[in-house]
Amino acid sequence: FCSSKCLTSTQMRALLASSMSTMYRSEVPLYGQLLSIIASINSDFIRASPNTISDDEISRLYVERHGAIRVGTAEELSLLARIFKVFGMHPVGYYDLWRDAKLPIHATAFRPVGKENLVKNPFRIFCSLLRMDCIQDGETRGLAEELLGKRSIVPERCINLLVKAEQGQSRDGVREAEVKVDGLTREEALEFVERVVDIFAWHKDTPVSLDEYNLLAKTHPLVADIVSFRGPHINHLTPRTLDIDQVQRTMITSGIDAKDVIEGPPKRENEVYLRQTSFHALSESVEFSGGEGGLVEGKHKARFGEIEARGQALTRKGAALYDSLMDEVSNKKREVEKQRGAKVGKEECVQILRKVFEEGFPDSKDELLRQGLGFFTFSIKDVETARDMWQRQEQDAEALDTLADMIKSKALDAEPITYEDFLPASAAGIFQSNLPQAAVASQQPNEKSVGVQPDKVKDTSEARAMLQAAVGGTILDYFALYSEQQSQSIAEVATLLDIDMS
Ligand code: OOG
Ligand code: NI
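Residues numbered from 1 in each chain as written. Chains lettered and ligands numbered in written order. Predicted model: local features only at pLDDT ≥ 70, side-chain atom pairs only at ≥ 80, totals over all residues. Heavy atoms only, no water.

Caption draft 1: Just the site of ligand 1, in detail. In the vicinity of ligand 1, the residues found are His66, Ala68, Arg70, Phe126, Asn235, His236, Gln276, Phe304, Glu306, Phe422, Ala427 and Phe431. Contact distances for ligand 1 include 2.9 Å between an oxygen atom and a side-chain N or O atom of asparagine 235. At 2.9 Å from an oxygen atom of ligand 1 is found a side-chain nitrogen or oxygen belonging to histidine 236. In the complex, 100% of the free accessible area of ligand 1, which totals 320 Å², lies under the protein chains. Listing elements by their share of the shell around ligand 1, those giving two or more residues are strand S1 (65-71) and helix H18 (424-433). If you tally residues by element for the shell around ligand 1, the top one is S1, at three residues. Of the residues that constitute the shell around ligand 1, the class distribution is six nonpolar, four polar and two charged. (Near = heavy atom within 4 Å. Polar contact = N/O pair within 3.5 Å; in protein donor to acceptor, adjacent residues only side chain to side chain. Areas by Shrake-Rupley, 256 points an atom, 1.4 Å probe, with all protein chains shown as cover. Helix = DSSP H or I, 4+ residues; strand = E, 2+ residues; numbered from the N terminus. Nonpolar A, V, L, I, M, F, W, Y, C, P; charged D, E, K, R; others polar.)

Caption draft 2: The arrangement of the coordination of the nickel ion (ligand 2) in detail. His66 (NE2), His236 (NE2) and Glu306 (OE) make up the full set of protein donors to the nickel ion (ligand 2), lying at 2.1 Å. Spacing between the donor residues of the nickel ion (ligand 2) along their common chain follows H-x169-H-x69-E. Of this pair, histidine 66 sits in strand S1 while histidine 236 is found in strand S6 (residues 236-239), placing the two residues 170 residues apart along the sequence. Of the two residues, histidine 66 and histidine 236, neither departs from the other in class, the shared state being buried. (Donors = N, O, S within 2.8 Å, 3.2 Å for Na, K, Ca; no water. Buried < 20%, exposed > 50% of the residue type's maximum accessible area, 1.4 Å probe, protein only.)

Caption draft 3: Broad picture of the pairing of strand S2 (residues 90-96). Extensive coverage of S2 is indicated by the burial of seven of its seven residues. As paired elements, S2 and strand S3 (residues 105-111) share five bridges and run antiparallel to each other. For histidine 90, the partnering residue across the bridge sits in S3 and is arginine 111. (Pairing = 2+ DSSP bridges.)

Below, the structure written as structure tokens:
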């Protein structure tokens, strides 16, 4: 009924991202300071090397952000999955952080799918779900279940608007751009965005007492963060930077309490995957219930600011190579520490990482393509040469080699596909660097001190099935999405050259 005046899911996503950013800047002023550091470093970078960044990248530079939230129950996650769908954000990827880092959660990321949607606004939310199966302490579990059972994170008005929006959703449109949210009038859509942002606001008052909070936190600080509050407050937002190494240095020289090292791969000529760093979670005052005047002052640490730099998406083969090199880095560090009997310093960590990747991971477009390590899209530069080379290729030639040869001969151009997802090990590093030290120590086999001592932990496929059911039945596989994008690009080139390249 709302014809041209209703909003598209992309427009709503853009509004969501910018309203969240405004809210977070006022809640966490240090995040605002981080944004201005990034803006000036990005400008310096563009001025110094104006041709290294594409027009698409420039146009989405200041909207490229992600945020993270943590929810307590499958029901909460289900509601949020329905809400994010209205914004064109779909669950992609499964992250088992218990398996990977002994954190009592698992996660998916809600994000736009399809090139056009990503170019227009790539905002995504990393969403963790508490895993009761990872909490052995009965008292903690009981309290957590009671608190979560009592709260409702989405107010009734917001649910009504959601239902209206869903009634207008006639088709799935996961990859389509310009999906109109025609169940809502323009006014209702704007109100919906505002009410959705409210779900993620910070509430300094909590219905739990200090003793209850301490019980939850002793089991695991993440449990306390997830169940003690009225809602799933946004715990960080992440703008993009063109020079993450410079941001890291500037944070340190500006006296910001930054993370020790940048997560992810080292700096490369052809950037791959995702590099991230952050300032540590702030200690914020909280009003616990109880006490004389009805409340007790205390502290809680959860909210921080993060920066990301995205590179090329890796194929399964590239991802396996990345993982094995990361294992090598850990082994090398451990070896050095054992020999020396002391921890390796930040600088040395960076050196080890750089060396292992220099030796083990190709850093030229040609090799990344030829060895099938990274995903690309292709465009034609010289039709005649391209057609000629394709037709002359040997019967049993590898398609990737042919493409690489065509690029060498300037018949084709290849553009790396940007990685739009998350890295389990980096996510674990980000979580851990923002937890109190006692909990970090628990990553070692001795977990007794924090009380997360599961005996009935679900295995990854069981846990995944549970999360998948909660988000509506499908978690998209990001390898499949990138691979689809690459194949589609090859098919388009083939059509233009009027040959069959499949
Ligand atoms: C999420 C941490 C993961 C990332 O960028 O890897 C994450 C959280 O702290 O809730 O956001
Ligand atoms: Ni993050």
